[in-house]
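Results of the structural survey
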Amino acid sequence: MTDTADSAARPTMKPWIEAIHAYVPGKSKGSDGRELVKLSANENPHGCSPLALEALADIANPALYPDPDSTALREALGAAHGIDPSRIVCGAGSGELLHGAVQAYAGPGDEVLCARYSFSLYPLLAAKVGASIVYADDDDHAPSVDALLAAVTDKTRVVLLDNPNNPVGTWLDRDEVARLHDGLPRDVLLVIDHAYVEYLAPGLDDGGMELAAQHDNVLVTRTFSKAFGLAGERIGWATGAAEIVGALNRLRGAFNVTAAGQRAALAAVGDMAFVRKSCEENLAARDAFERQIAALGNHGLRAKPSEANFVLVLFEGALSADAALEALAEGGFAVRHLPSQGLPHALRITIGTREQMGEIAAILAKACEAAA
């Protein structure tokens, strides 16, 4: 029989884990429970490739474990990008691989560096391993190479760069990314998060894949959740030096990508025409929406130029972001308000169809008039 003290004992959570606030996904319902058009999670409004849908419906035996190494998918990705498949690792979304990169190279007493306004998962990645997150100053909300380099200390172990950036939507070009890498100590891992890279206009390239192929301290992560339209299947991949890929293989789940996910992603890689069409539709709808927001500039609305599938709208006039959020919800749309990321004056709005974006612009115009 245990005594009172023993019966009151319990496992003690690590203090850095207890301090974590769980990741908050984009909302899809209004405060009254109504289903809203979900433009809060940067999903593809055009769905996924028909070939991927066929692959999802054709699983021979779901009782069997999937290929633990995603062999066929890695080979297809290697062929598509000119990469040795042995330097590719697949994950349950790019989030698993980002987590692995931070876990492998940072820990208690270390620092993980990112731009002030970056993917909201980044501070959680640092917190999970007991490292400190450090935010570099922004350049009108966008990442700044000068500020990132100025923030590096002897405790910096990992630099996380989402390029294009989430939630701002801007991107750093090839010269700037190279300048960032050149300015980092060789023992600091640079992780270039390419979640939105497919949305870049044709001809734009930040050179990240070349850096990952040529250097021992660069990892590039990519995902099938955005332009490929497979967010529900949780498939990501990464490439870098053999040692980095080996570290991620040690840390990832044993059967981390489902059989259905592997088949769907493999089919999606073979249907790049769908991705190109989705990106063309996104570009047309995004450009039109940015022009509509610019027309509301006299009311204090400002859209950050975006290279992704969303636009960050700043509310710097009589209409507040809170009021705009409420007006859009009443109009049937869920978008992302970001006060927890230091952006209480902004909404991140996923690009939906052209018709949906026109409706959103009309709602915001009406709300501006009411607030004036």
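Okay, so let's go over this structure.

As a further point, take helix H13 (residues 321-330). The set of residues buried in H13 consists of Ala321, Ala324, Ala327 and Leu328. Viewed end-on, H13 has its buried residues packed into an arc of 120°, placing them on one side of the element. Seen from the buried face of H13, the exposed residues on the opposite side, beyond 90 degrees, are Glu326 and Glu330. Where H13 is buried, its residues contact strand E10 (310-315), strand E11 (333-334), strand E12 (336-338), strand E13 (343-350) and helix H14 (354-371). Looking one or two residues past H13, glycine 332 carries a phi angle of roughly 100°, positive in sign.

As a further point, take the layout of surface pockets. Counted as a void, the largest pocket has a volume near 990 Å³. Lining the largest pocket are 41 residues, and of these Val24, Arg336, His337, Pro339 and Ser340 sit closest to its centre. Residue assignment for the lining of the largest pocket shows that the elements contributing at least two residues are helix H6 (122-128), H13, E11 and E12. If one sorts the elements of the lining of the largest pocket by residue count, H13 sits on top with 5 residues. In this structure, the second largest pocket spans a volume of roughly 670 Å³. If you trace the second largest pocket, you find 28 residues lining it, with Val197, Glu198, Leu200, Arg222 and Met272 closest to the centre. At the level of elements, helix H4 (71-81), helix H9 (208-214) and helix H12 (272-294) are the ones that each hand at least two residues to the lining of the second largest pocket.

Here the focus is the pattern of salt bridges. Applying the stated criterion across every chain, the model contains 14 salt bridges. Its salt-bridge partner being aspartate 140, residue lysine 304 comes within 3.2 Å of it at the nearest N-O pair. Highlighted residues: lysine 304 in the loop between strand E9 (301-303) and E10 and aspartate 140 in the loop between strand E4 (132-136) and helix H7 (145-150), separated in sequence by 164 residues. When its relative accessible area of 7% is taken as the criterion, lysine 304 is described as buried. Several salt bridges share partner residues, and in doing so they unite Asp140, Arg302, Lys304 and Glu316 into one network.

What follows is about unusual backbone geometry. Cis geometry is found at the peptide bond from asparagine 163 to proline 164, where omega equals 0°. The residue proline 164 is located in the loop between strand E5 (156-162) and helix H8 (174-183) in this model. Across the junction of asparagine 166 and proline 167, the peptide omega takes the value 25°, indicating a cis bond. Backbone geometry places serine 70, a non-glycine residue, at a positive phi of 45°. Of note, serine 70 is situated in the loop between helix H3 (50-56) and H4.

Further remarks concern the packing of helix H5 (residues 93-105) against helix H10 (residues 242-251). Two elements in contact, H5 and H10, have axes whose closest approach is 9 Å; the angle formed by their N-to-C orientations is 105°. In terms of orientation, H5 and H10 fall into the roughly perpendicular class. Mapping the contact onto sequence places Leu97, Gly100, Ala101, Gln103, Ala104 and Tyr105 in H5 and Glu243, Ile244, Ala247, Leu248 and Leu251 in H10. Here the residues of the contact of H5 with H10 sort into 8 nonpolar, 2 polar and 1 charged.

Okay, empty space enclosed by the protein next. In this approach, a probe sized like a water molecule rolls over the atoms, and the result shows the empty space that is left. Evaluated as defined, the whole model comprises 1 cavity of 30 Å³ or more. As a volume, the largest cavity reaches approximately 50 Å³. Lining the largest cavity, in full, are Asn44, Pro45, His46, Tyr199, Ser278, Asn282, Asn309, Ile351 and Gly352. In the lining of the largest cavity, the residues fall into 3 nonpolar, 6 polar and no charged.

The next subject is the environment of aspartate 69. Note that aspartate 69 resides in the loop between H3 and H4. For aspartate 69, a relative accessible area of 39% translates into the label partly exposed. C-alpha separation for the pair aspartate 69 and phenylalanine 274, spaced 205 residues apart in sequence, amounts to 26 Å.

Quick look at the sheet that holds E13 now. Sheet architecture is open: 4 strands sit in the order E9-E10-E13-E12, paired in antiparallel fashion. Where the open sheet ends on each side, the last strands, each with one partner, are E9 and E12. Here the strands of the sheet are splayed against their neighbours by 30° on average, with no regard to which way each runs. Pairing of E12 with E13 involves 3 bridges; the strand directions are antiparallel. Bridge pairing in E13 places leucine 338 opposite leucine 343. In the packing of H13 onto the sheet, contacts are made with E10, E12 and E13, and the angle to E13 comes to roughly 35°. With respect to the sheet, H14 is in contact with E9, E10 and E13, its orientation differing from that of E13 by roughly 150°.

Calculation rules
Residues numbered from 1 in each chain as written. Predicted model: local features only at pLDDT ≥ 70, side-chain atom pairs only at ≥ 80, totals over all residues. Heavy atoms only, no water. Buried < 20%, exposed > 50% of the residue type's maximum accessible area, 1.4 Å probe, protein only. Helix = DSSP H or I, 4+ residues; strand = E, 2+ residues; numbered from the N terminus. Arc of directions from axis to C-beta. Contact = heavy atoms within 4.5 Å. 1 Å grid on protein atoms, 1.4 Å probe; cavity = no way out; pocket = protein on both sides within 12 Å on 5 of 7 lines; lining within 4 Å. Points joined across faces, edges and corners; volume = space filled by probe spheres on them. Salt bridge = Lys/Arg side-chain N within 4 Å of Asp/Glu carboxyl O. Axes fitted to C-alpha atoms, helices over the stretch in contact; angles between N-to-C directions. Parallel < 35°, antiparallel > 145°, perpendicular 65-115°, else oblique. Nonpolar A, V, L, I, M, F, W, Y, C, P; charged D, E, K, R; others polar. Pairing = 2+ DSSP bridges.

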